Amino acid sequence: EVQLQASGGGLVQAGGSLRLSCAASGFTFDDYAIGWFRQAPGKEREGVSCISSSDGSTYYADSVKGRFTISSDNAKNTVYLQMNSLKPEDTAVYYCAADDNTGLCRDFGSWGQGTQVTVSS
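Draft legend 1. Seen up close, the sheet that holds strand S8 (residues 78-83). Ordered by their spatial adjacency, 4 strands build an open sheet running S1-S3-S8-S7, and the pairing between neighbours is antiparallel. Among the strands making up the open sheet, the edge pair consists of strand S1 (3-7) and strand S7 (68-73). Going from strand to strand, the sheet's axes swing by 15° on average, the running direction of each strand aside.

Draft legend 2. Representation of the nonpolar core within the structure. Residues Leu-4, Ile-34, Trp-36, Phe-68, Leu-81, Met-83 and Tyr-94 are the most contacted members of the largest nonpolar core, which totals 29 residues. Of all the elements in the fold, those that place two or more residues in this core are S1, strand S3 (18-25), strand S4 (33-39), strand S5 (46-52), S7, S8, strand S9 (92-99) and strand S11 (115-120). Aside from chain neighbours lying at most four places away, what touches Leu-4 is Cys-22, Ala-23, Ala-24, Phe-27, Ile-34, Cys-96, Ala-97, Ala-98, Ser-110, Trp-111, Gly-112 and Gln-113.

Draft legend 3. Quick look at the state of the cysteines. Counted by the stated rule, this structure contains 2 disulfides. Through a disulfide, Cys-22 is tied to Cys-96; the S-S separation comes to 2.2 Å. Between Cys-22 and Cys-96 the disulfide shows an S-S torsion of about 75°. By sign, it is right-handed. Here Cys-96 lies in strand S9 and Cys-22 lies in strand S3, a separation of 74 residues in the sequence. Each member of the pair, Cys-22 as well as Cys-96, is classed as buried. Bridging Cys-50 to Cys-105, the disulfide has an S-S length of 2.0 Å. Taking the torsion about the sulfur-sulfur bond, which here is approximately -90°, the covalent link between Cys-50 and Cys-105 counts as left-handed.

Criteria and thresholds
Residues numbered from 1 in each chain as written. Predicted model: local features only at pLDDT ≥ 70, side-chain atom pairs only at ≥ 80, totals over all residues. Heavy atoms only, no water. Pairing = 2+ DSSP bridges. Helix = DSSP H or I, 4+ residues; strand = E, 2+ residues; numbered from the N terminus. Axes fitted to C-alpha atoms, helices over the stretch in contact; angles between N-to-C directions. Core = buried A, V, L, I, M, F, W, Y, C linked by side-chain atoms within 4.5 Å. Buried < 20%, exposed > 50% of the residue type's maximum accessible area, 1.4 Å probe, protein only. Contact = heavy atoms within 4.5 Å. Disulfide = S-S within 2.5 Å.

Right under this line is the structure:
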């Protein structure tokens, strides 16, 4: 059973930083990808970032490029999302998801529960 657990959210002022963690278990990490998504009230879910163990490639939405950094620690089965220069529009519930099918950030079949990020102005 694939299990994902997102953590690290909280309340921060604009311009501040947070580091989200996604702890994963139940699948092989040789060929997988972990993505971060977010959803604000009344808005559609948005892809934020993704990292693939297959080729080491990373993805960032234009809205966070240059501010967010995704990384992985395979020894801990954990993926991180470092969020700097946070803006009020970053406020959302953040979810991590696993693509253990293609490993190319294309087929996310397993989702964790989200962690709330609130950025005050």
